[in-house]
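Observations on the three-dimensional arrangement
As a plain string of letters, each chain reads:
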Number of protein chains: 2
Amino acid sequence: MEKQSIKLGLMGFGTVGTGVVRIIQAHQDDLQKQTGLGIEIAKILVQDAEKSRHISSMNSLLTTDPAELLDNPDIEVIVEVIGGIHPAKEYILAALERGKHVVTANKDLMALHGAEILNKAQEKGCDVFYEASVAGGIPILRALVEGFSSDRITKMMGIVNGTTNYILSKMSQEGADYSDVLKEAQALGYAEANPTSDVEGFDAARKMAILATLGFRVPMKLEDVDVKGISSVSKEDIAYGKQLGYEIKLLGLARRDGEAIEVSVQPTMVPKSHPLASVNGVFNAVYVHGEAVGETMFYGPGAGELPTATAVVSDLVTVVKNRKLGVNGRGMVAPYKEKILKDDSEKLSKYFLRIVVTDKRGVLAQITQLLADKNISLEQVIQQPYNNGEAEIIMVTHLSAKSDMDGVIAYMEQMDIVSKIESCYRVEGGDK
Amino acid sequence: MEKQSIKLGLMGFGTVGTGVVRIIQAHQDDLQKQTGLGIEIAKILVQDAEKSRHISSMNSLLTTDPAELLDNPDIEVIVEVIGGIHPAKEYILAALERGKHVVTANKDLMALHGAEILNKAQEKGCDVFYEASVAGGIPILRALVEGFSSDRITKMMGIVNGTTNYILSKMSQEGADYSDVLKEAQALGYAEANPTSDVEGFDAARKMAILATLGFRVPMKLEDVDVKGISSVSKEDIAYGKQLGYEIKLLGLARRDGEAIEVSVQPTMVPKSHPLASVNGVFNAVYVHGEAVGETMFYGPGAGELPTATAVVSDLVTVVKNRKLGVNGRGMVAPYKEKILKDDSEKLSKYFLRIVVTDKRGVLAQITQLLADKNISLEQVIQQPYNNGEAEIIMVTHLSAKSDMDGVIAYMEQMDIVSKIESCYRVEGGDK
């Protein structure tokens, strides 16, 4: 190894941490040629130094004491792949306080405390990069910050959670039930034992908050994101969607009209002709619409040891290059625009609505009249027999305000002729 | 406008040049906030200063004399959107000689003389960026240079020519003939009056040479690229392809096995399940496979005034940021690996072959025996009646060497029982 090298402290030695070590070891020569500096792993913070590891050559570097990384002045960069808020946040802030650069894959932390961390970095002249926090192996944050630096982004849509995309893809391909596919995904390791964060959309919401902050340059917060998960998506919904030309995806939406912004994560009917509709399995994709560039999409693995580690090490390369050039701390532009959130009357979408009604003469007329009274016009309507003298009505609306749609549903819940509101989904399209 | 600004000289005021001016004018504030410097267009080089322009406010800046840009010491950046080799090359070299940074959209120039230009830039400590030269609005060069800096790219496949993709998509969607669709594309302005550069694959070959140079870090030359265009693709080929589960795309392929590389552009049968198969119309897409990251794909507009201009201005933002930080001339890593090209016996692909034979007993046996003798095994075979006592044989092979396939075709051309070799295409797949 060259004498000239930069020392890094790795926090966390699980899946992603192991991948980071593997890539640094395998590509030492290439990295050296690109950056002019070797990258040396100086210390690895673990919870249990005695646990057996995939890479035993690193055993001498393991420590359970964060001070061995944070208080070592030779360590210039901290790579944080522990995950979760605490103690990752405290470690990262302590590292920045001591002038160390940070690369992290921590979406929870960046979604919740990104502003605090970026401000501390700016104050200390340090780099903080977090490409791996959104859509694993897809270099989407760089694209937003640099590739589209001259454009104004109006809309981002993301399939940014592999677990839910795997489940919905399987349900669609096999006509299977949610609960069966979830069990299968858990058995395969694609879903966790407690799947709430994934299936209820919280994980995707964190990533959308990060994307919206970077893409719109406003300080989005996690609580600004409307979230609905996939646990109530039925195979019937998927089948009806297909019949009408849609695939159901858990879609993150970040949309700007003028200066007003909305961000949501919800199961969405995506037209089959849309490039997002054919993103299947654990793959992720982020669709970006810019005023000048028009439609673009970035597709790739959303997770996994090596894809995620690739994003971490690419960030590390940027830190090392910056260090060599003496320009650390200038990478990420802090959000500088005022955050103006749409209210529900400004959130316009098409909707898919499926209800069960008493099968009596005039029911369809009553329902459609109600919608018309609430400013909602229909693009498609199907009525068909259900069971026990009931009928099922499936409707796709034209662009409608979320507030109007919520009003209609609240009203329908009180109507005698409506026995069940089976489902209501946003339908992608019609807004461009 | 701020007093602190950077002056640029624009060379060329056609479609892309107009887009560049529009974006700089519209986004002046955003650009200023990102870079800390205003961007001022100081001079525009045109062929005819009297011609009427879309943007008349720029009339006072027009000149037909390149020296007014090149010899003006206040102009720090040249944006070249003239296109073609001469005089663009001389202007760019002269600009670099005088210490000016360069942003160009010129794929012809970068494919043919990229090394010379990058070396001159390195010598003079200047930036040269050319994101717009490949796949217009898709920030693919940044992704290769930065996003995957820690990975080893093994395969890139690109739909990088919008004209041919439009033609093939239309032929596929409408079952139309090549010549009819070409005429329509010409009428719509998607194809030029002389379409040779597009339809014979030369334009795509230039882009693949640029991608392979960056992705594999070896100095690829245009003549290293095997090129075959789409003018002989028939609607029958497309129909047979569909029947077997493929779409025909003009696909650029850059593939590395160990250290040996192959780069080609040719009509290729792409499995319908592959994300590239559903890239239609004038859209472009580049698929990148990295050892660590796995499969990724970047999709977007390949051309057009504003998409291309977005890429140019994003490069310009990078130049201005670098200028502010005092780190120009370090952006692009010059190719540092030795170029080792595969010979045809090392180029392994599946092939689709369609031939017309005399319809006699034993003909199929003769053909399949010939293939077996030449080391080619078959995955699929269809024989069906043609006309006048002839039969048509359609075959898809397993992975086979290009040299073996070329040998088989040369041999078949001499066989009495083979009356016509209708078509032979590479089939994507089977190599990973």
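In this text, all values refer to a predicted model and were calculated from it rather than measured experimentally. (Residues numbered from 1 in each chain as written. Chains lettered and ligands numbered in written order. Predicted model: local features only at pLDDT ≥ 70, side-chain atom pairs only at ≥ 80, totals over all residues. Heavy atoms only, no water.)

A short note on the overall build of chain A
Our working definition: Numbering of helices and strands runs from the N terminus; a helix is a DSSP stretch of H or I covering at least four residues, while a strand is a stretch of E covering at least two. The globule rule is 2.2 Å times the number of residues to the power 0.38, and the radius of gyration it is compared with is taken over C-alpha atoms. Only protein chains enter the calculation, and the probe is 1.4 Å; a residue is then buried if its accessible area is under 20% of its type maximum, exposed if over 50%, and partly exposed in between. By the convention used here, residues are in contact when the closest approach between their heavy atoms is within 4.5 Å. A 1.4 Å probe and the Shrake-Rupley method give the accessible areas. Residues count as covered only by the protein chains that appear here.
A tally of regular secondary structure across chain A gives 14 helices and 18 strands. Expected size for 432 residues packed as a compact globule is a radius of gyration near 22 Å; at 24 Å, chain A falls within 12% of this value. Along the first, second and third principal axes, the C-alpha atoms of chain A reach 85 × 45 × 35 Å. By the burial criterion, 60% of the 432 residues in chain A qualify as buried. Sequence separation of at least 24 residues holds for 73% of the intrachain contacts in chain A that already meet a minimum separation of 6. Of the roughly 16,500 Å² of accessible surface on chain A, 46% is carried by carbon and sulfur atoms.

Points about the environment of Val 218 of chain A
All names here are of chain A. Position of Val 218 among the secondary structure elements: in the loop between helix 10 (202-216) and strand 8 (225-227). By relative accessible area, Val 218 is classed as buried at 2%. A C-alpha to C-alpha distance of 15 Å links Val 218 and Ser 149, two positions 69 residues apart in sequence.

As for the interface of chain B and chain A
Quick note on the threshold: Note on definitions: buried area is the accessible-area loss of two parts on being combined, 1.4 Å probe, summed for both. Any carboxyl oxygen of Asp or Glu that lies within 4 Å of a side-chain nitrogen of Lys or Arg is treated as forming a salt bridge with it. A 3.5 Å cut-off defines polar contacts: any pair of N or O atoms within that distance qualifies, except that in protein one atom must be a possible hydrogen donor and the other a possible acceptor, and neighbouring residues in sequence count only when both atoms are side-chain atoms. Amino acids are sorted into nonpolar (Ala, Val, Leu, Ile, Met, Phe, Trp, Tyr, Cys and Pro), charged (Asp, Glu, Lys and Arg) and polar (every other residue, Gly among them). A pair of strands counts as paired when DSSP detects no fewer than two bridges linking them.
Between chain B and chain A, the residue contacts involve 44 residues of the former and 44 residues of the latter. A combined buried area of about 4,100 Å² lies between chain B and chain A, and 56% of that area is made up of carbon and sulfur atoms. The largest per-residue losses of area from chain B upon contact with chain A belong to Gln 34, Ser 150 and Tyr 299 of chain B, which jointly make up 15% of the total buried on that side. Where Asp 30 of chain B meets Lys 337 of chain A, a salt bridge forms, and the shortest distance between an N and an O atom there is 3.6 Å. Where chain B packs against chain A, one counts 13 residue pairs in polar contact (both at pLDDT 80 or more). For the side of chain B that touches chain A, the secondary-structure elements that each account for two or more residues are helix 1 (15-26), helix 2 (28-35), helix 6 (140-147), strand 12 (294-301) and helix 12 (305-325) of chain B. Looking at the side of chain B that touches chain A residue by residue, the class counts come to 22 nonpolar, eleven polar and eleven charged. Pairing between strand 12 (residues 294-301) of chain A and strand 12 of chain B: three bridges, direction antiparallel. Within strand 12 of chain B, the residue paired with Met 297 of chain A across the bridge is Tyr 299 of chain B.

Notes on the sheet that holds strand 6 (residues 128-129) of chain A
All names here are of chain A. Pairing is parallel across the open sheet formed by six strands, whose spatial order is 3-2-1-4-5-6. Because the sheet does not close on itself, it has two edges, and the strands there are strand 3 (62-63) and strand 6. Pairing of strand 5 (residues 101-104) with strand 6, which is carried by two bridges, proceeds in the parallel orientation. Counterpart to Val 102 in the pairing with strand 6 is Val 128.

A look at the pairing of strand 12 of chain A
Residues and elements named next belong to chain A. The buried count for strand 12 comes to seven of eight residues, which makes it a mostly enclosed element. Pairing between strand 11 (residues 283-290) and strand 12: eight bridges, direction antiparallel. Residue pairing across strands places Tyr 287 opposite Met 297, the latter belonging to strand 12. The antiparallel pairing of strand 11 with strand 12 creates a hairpin that spans three residues between the two strands.

Brief notes about the relation of the copies chain B and chain A
Quick reminder of the rule: The fit set for superposing copies consists of C-alpha atoms from residues with pLDDT of at least 70 in both; the fit itself is least squares.
Between chain B and chain A, which share one sequence, the superposing operator has a rotation angle of 180 degrees and an axial displacement of 0.0 Å; the RMSD is 0.0 Å. Expressed as an axis order, the relation between the two copies is that of a two-fold axis. Nearest to the rotation axis, the C-alpha of Phe 298 of chain B is located 2.4 Å from it, this being the minimum over chain B. Interface residue correspondence from chain B to chain A reaches 100%, placing this contact among same-surface, isologous pairings.

As for the UniProt feature "active site" (unreviewed entry) in chain A
Residues and elements named next belong to chain A. As a reminder, the rule being used: UniProt positions are given in the numbering used here, feature names are shortened, and annotations may be inferred rather than shown by experiment.
Mapped onto this numbering, the UniProt entry gives "active site" (unreviewed entry) at Lys 207. Relative to the elements of secondary structure, Lys 207 occurs in helix 10. Judged by its relative accessible area of 8%, Lys 207 is buried. Beyond its immediate stretch of four places on either side in the chain, Lys 207 contacts Lys 107, Ser 133, Val 134, Val 160 and Asn 161.

Some thoughts on helix 7 (residues 162-174) of chain A
Residue and element names in this part refer to chain A. How we decide: What a helix should span is 1.5 Å times the count of its residues minus one.
With 13 residues, helix 7 should cover 18 Å at 1.5 Å per step; its first-to-last C-alpha distance of 18 Å lies within 8% of that length. Taken as a whole, helix 7 has its buried residues at Gly 162, Thr 163, Thr 164, Asn 165, Tyr 166, Ile 167, Leu 168, Ser 169, Lys 170, Met 171 and Ser 172. On its buried side, helix 7 packs onto strand 7 (153-159), helix 8 (178-188), helix 9 (196-199), helix 11 (235-243), strand 9 (246-257) and strand 11. Its side-chain oxygen 3.3 Å from the backbone nitrogen of Thr 163, Asn 161 forms the N-cap of helix 7.

Details of unusual backbone geometry
Residue and element names in this part refer to chain A. Put simply, His 86 and Pro 87 share a cis peptide bond, and its omega is 5 degrees. Following the sequence through the fold, Pro 87 ends up in the loop between strand 4 (75-80) and helix 4 (88-97). For Ala 135, which is not a glycine, the phi torsion comes out positive at approximately 55 degrees. Position of Ala 135 relative to the elements: it lies in the loop between strand 6 and helix 6 (140-147). Residue classification places Ala 135 among the buried positions, given a relative accessible area of 1%. Positive phi, close to 60 degrees, is recorded for Arg 217, a residue that is not glycine.

Structural notes on the nonpolar core
To be explicit about the condition: To form a nonpolar core, buried Ala, Val, Leu, Ile, Met, Phe, Trp, Tyr and Cys residues must be joined to one another through side-chain atoms within 4.5 Å.
Judged by nonpolar contacts, the single largest core of 165 residues is most densely connected at Ile 140, Ile 167 and Leu 211 of chain A together with Ile 140, Ile 167 and Leu 211 of chain B. For Leu 211 of chain A, the residues in contact, after removing those within four places along its chain, are Val 134, Ile 140, Leu 141, Leu 144, Met 156, Val 160, Phe 216 and Val 286 of chain A.

Digging into the domain arrangement of chain A
Residues and elements named next belong to chain A. Let me state the cut-off plainly: For the domain bounds, the source is a domain assignment made automatically or taken from a database.
Assigned domains of chain A: these are domain 1 (5-136 + 305-325), domain 2 (140-301) and domain 3 (346-427). Distance from the C-alpha centre of domain 1 to the C-alpha centre of domain 2: 28 Å. Every contact between the two is made by 15 residues of domain 1 and, on the other side, 14 residues of domain 2. Here domain 1 meets domain 2 over a buried area of about 1,300 Å², counting both sides, of which 66% is carbon and sulfur. Between domain 1 and domain 2 we count four salt bridges in total. In this structure, the salt-bridge partner of Arg 142 is Asp 315, at a minimum N-O distance of 3.0 Å. Applying the counting rule to domain 1 against domain 2 returns seven residue pairs in polar contact (both at pLDDT 80 or more).

What to know about the packing of aromatic side chains
Heads up, the rule is: Only the six-membered ring of Trp is used, alongside the rings of Phe and Tyr, when aromatic pairs are assigned; centres must lie within 6.5 Å, and planes under 30 degrees apart are stacked while those over 60 apart are edge-to-face, with the rest tilted.
This model, assessed by the stated rule, comprises nine aromatic pairs over all chains. Aromatic side chains Phe 352 of chain A and Tyr 425 of chain A sit 6.0 Å apart centroid to centroid with 40 degrees between the ring planes, which places their arrangement in the tilted category. Placement of Phe 352 of chain A in strand 14 (residues 348-358) and of Tyr 425 of chain A in strand 18 (residues 418-427) is noted, with a sequence separation of 73 residues between them. Of the two residues, Phe 352 of chain A and Tyr 425 of chain A, both sit in the buried class. Consider the rings of Phe 148 of chain B and Phe 298 of chain B, whose centres lie 6.1 Å apart with planes at 70 degrees: the pair is edge-to-face. With a gap of 150 residues between them, Phe 148 of chain B in the loop between helix 6 and strand 7 (153-159) and Phe 298 of chain B in strand 12 connect regions that are remote in the sequence. Assigned by exposure class, Phe 148 of chain B and Phe 298 of chain B land together as buried.

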